[in-house]
Amino acid sequence: ALALAFSAFVALAEEKTLTGKIVCSKCTCKKTEKCGPAFVSKDKDGKTTVLLVKGKAAKSIKHGRICKANSSVEVTITGSIKEGNITASKISEKK
């Protein structure tokens, strides 16, 4: 049982690369009381996933570009996901 718990923890800590949009967590998503970056993506079934963006890479998108309702920046984001947050190690803006 301990080995299973450890392997599940290691799998959760792995970095993933996702494609979607960076939006304001307050103005667009209504998820937080203060403005900040949130990553939004849709899977092939149309289900929307919202993750709050943490880590140094979160500052790579200037907040003024996303801090209006329904404004966004298309990105590819790499990071580890835990409890509704993604700790971003890299955010690349789509050209």
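Residues numbered from 1 in each chain as written. Predicted model: local features only at pLDDT ≥ 70, side-chain atom pairs only at ≥ 80, totals over all residues. Heavy atoms only, no water.

The next point concerns the nonpolar core. Grouped together as the largest cluster of nonpolar side chains are 14 residues, with contacts concentrated most on Ile22, Phe39, Val53, Ile61, Val75, Ile77 and Ile91. Listing elements by their share of this core, those giving two or more residues are strand E3 (48-54), strand E4 (73-82) and strand E5 (85-93). Leave out the neighbours within four places in its chain, and Val53 touches Ile22, Pro37, Ala38, Phe39, Ala58, Ile77, Ile86, Ala88 and Ile91. (Core = buried A, V, L, I, M, F, W, Y, C linked by side-chain atoms within 4.5 Å. Buried < 20%, exposed > 50% of the residue type's maximum accessible area, 1.4 Å probe, protein only. Helix = DSSP H or I, 4+ residues; strand = E, 2+ residues; numbered from the N terminus. Contact = heavy atoms within 4.5 Å.)

Bringing the pairing of E4 into the picture now. Strand direction decides the pairing type here: strand E1 (residues 15-24) and E4, joined by eight bridges, are antiparallel. Bridging across to E4, Lys21 finds its partner in Glu74. In this structure, E4 lies alongside E5, joined through eight bridges in antiparallel fashion. Of the residues in E5, the one forming a bridge with Thr78 is Lys90. Between E4 and E5, which pair antiparallel one after the other, the connecting turn spans two residues, and Glu83 there sits at a positive phi close to 50°. (Pairing = 2+ DSSP bridges.)

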